[in-house]
Amino acid sequence: MSKKTKKIYIFIKERVKKMRLDFIDRYNAVVGAVVVVLSAIFGAYWYLFAGYLLLNILDWLTGWYKSRRKRTESSYRGMWGIAKKTGYWVMILVAFLVPELFVHLGNDLLGVNLGFLVLLGWFTLAALLVNEVRSILENLVECGYEVPDFLIRGLAVTEKLIHAGMDIPEDEN
């Protein structure tokens, strides 16, 4: 290898190394910024909300795939599914916002600690997470995939446990 070729080789090698490091630095900066923003919006447990969003997308995609395989595709049903998912996000917002308002009301005006009400938001999120996973599995089963029984049974048990804490008495009037 001539001196000139060796210099070019070393130059290219160093340039590639620098480009790789620049990419890694940019990647780390972007991922770090995303985590900071999500933490600021959703708090320390932002990953639960991100997981729910991912499950929303997977449920929509598996539902679309199921309807495609059954030849029952419909833009109306697709839009209805997206509207329904948006409604779930509104439900989560309300489930966290209203208890937060009551906590402040209790602390500021009544002198009562109502911090336990925040659990309503987490309960709502947990129930919706289970529903999304069940829906994804149902879509896969209807598409012909063999979903292990333990997943289906485990989700059924989880849903029963979540809903067991909710005894809503009938109105006797």
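Everything numeric in this text was worked out from a predicted model, so none of it was measured.

What counts and what doesn't
- Residues numbered from 1 in each chain as written.
- Predicted model: local features only at pLDDT ≥ 70, side-chain atom pairs only at ≥ 80, totals over all residues.
- Heavy atoms only, no water.
- Axes fitted to C-alpha atoms, helices over the stretch in contact; angles between N-to-C directions.
- Helix = DSSP H or I, 4+ residues; strand = E, 2+ residues; numbered from the N terminus.
- Parallel < 35°, antiparallel > 145°, perpendicular 65-115°, else oblique.
- Contact = heavy atoms within 4.5 Å.
- Nonpolar A, V, L, I, M, F, W, Y, C, P; charged D, E, K, R; others polar.
- Core = buried A, V, L, I, M, F, W, Y, C linked by side-chain atoms within 4.5 Å.
- Buried < 20%, exposed > 50% of the residue type's maximum accessible area, 1.4 Å probe, protein only.
- Salt bridge = Lys/Arg side-chain N within 4 Å of Asp/Glu carboxyl O.
- Phe/Tyr/Trp six-rings, centres within 6.5 Å; stacked < 30°, edge-to-face > 60°.
- Patch = residues over 30% accessible without salt bridge, like charges linked within 9 Å, V, L, I, M, F, W, Y side chains within 5 Å.
- Areas by Shrake-Rupley, 256 points an atom, 1.4 Å probe, with all protein chains shown as cover.
- Left-handed = near helix turned anticlockwise from the far one by under 90°.

Novice: What exactly am I supposed to notice about the packing of helix α3 (residues 75-110) against helix α4 (residues 119-142) here?
Specialist: Contact pair α3 / α4: the axes reach a minimum separation of 7 Å and the direction vectors enclose 160°. The pairing of α3 with α4 is recorded here as roughly antiparallel in orientation. On α4, the residues that touch K85, Y88, M91, I92, A95, F96 and P99 of α3 are L120, G121, W122, T124, L125, L128 and E132. For the contact of α3 with α4, the class distribution of residues is ten nonpolar, two polar and two charged.

Novice: Help me understand the nonpolar core, please; the structure alone is not making it clear to me.
Specialist: Among soluble globular proteins, nonpolar side chains are generally buried collectively. Counting six residues, the largest nonpolar core is built from F49, Y52, I92, F96, L125 and L128. If you list the elements that add at least two residues to this core, you get α2 (46-69), α3 and α4. Residues within four places of F96 in sequence aside, it is in contact with F49, V118, G121 and W122.

Novice: Please explain unusual backbone geometry as it appears in this structure.
Specialist: Most peptide bonds take the trans form, and the phi angle of most residues other than glycine is negative. The backbone of R71 shows a phi angle near 60°, a positive value even though the residue is not glycine. Along the chain, R71 falls in the loop between α2 and α3. For R71, a relative accessible area of 76% corresponds to the exposed category.

Novice: What should I look at first to understand the pattern of salt bridges in this one?
Specialist: As a working rule, side chains carrying opposite charge can pair if their charged atoms are close by. Scanning the model with the defined rule gives four salt bridges in all. The partner of D59 in a salt bridge is K85, and the shortest N-O contact between them spans 2.4 Å. Of this pair, D59 sits in helix α2 while K85 sits in helix α3, and the two are 26 residues apart along the sequence. Among the ionic pairs, K66 bridges to E142, the shortest N-O distance being 3.6 Å.

Novice: Could you clarify how one ought to interpret the packing of aromatic side chains in this entry?
Specialist: Enumeration according to the criterion identifies seven aromatic pairs in this entry. Here W46 and Y47 contribute two aromatic rings whose centre-to-centre distance is 6.2 Å and whose plane-to-plane angle is 80°, an arrangement assigned as edge-to-face. By relative accessible area, which is 45% here, Y47 ends up partly exposed. Ring pairing ties together the aromatic residues Y45, W46, Y47, F49, F96 and W122, which thus form one cluster.

Novice: Would you take a moment to explain a nonpolar patch on the surface for this structure?
Specialist: Residues L53, L54, I57, L58, W60, L61, W64, Y65, M79, I82 and Y145 make up a contiguous nonpolar surface patch of about 1000 Å² in total accessible area. When contributions to the nonpolar patch are tallied by element, the ones reaching two or more residues are α2 and α3. Ranked by residues supplied to the nonpolar patch, first place goes to α2 with eight residues. Summarising the element assignment, W60 is placed in helix α2. For W60, a relative accessible area of 37% corresponds to the partly exposed category.

Novice: In this structure, what is going on with the environment of R77? I would like to understand it.
Specialist: Structurally, the position occupied by R77 is in helix α3. What makes R77 exposed here is its relative accessible area of 53%. Counting along the chain gives 13 residues from R77 to W64, while the straight-line C-alpha distance between them is 9.2 Å.

Novice: Sorry, what's going on with the packing of α2 against α3 here?
Specialist: Helix-helix packing: each pair is described by the crossing angle between the helix axes and the interaxial distance. Interhelical geometry of α2 versus α3 gives an angle of 160° and a closest axis separation of 10 Å. Relative to α3, α2 is oriented roughly antiparallel. Along this stretch, α2 crosses α3, giving a crossing that reads as right-handed. Contacts between α2 and α3 pair F49, Y52, L53, N56, D59 and W60 from the former with G78, I82, K85, Y88, W89, I92 and F96 from the latter.

Keep in mind that these numbers describe shape and distance, not what the molecule does.
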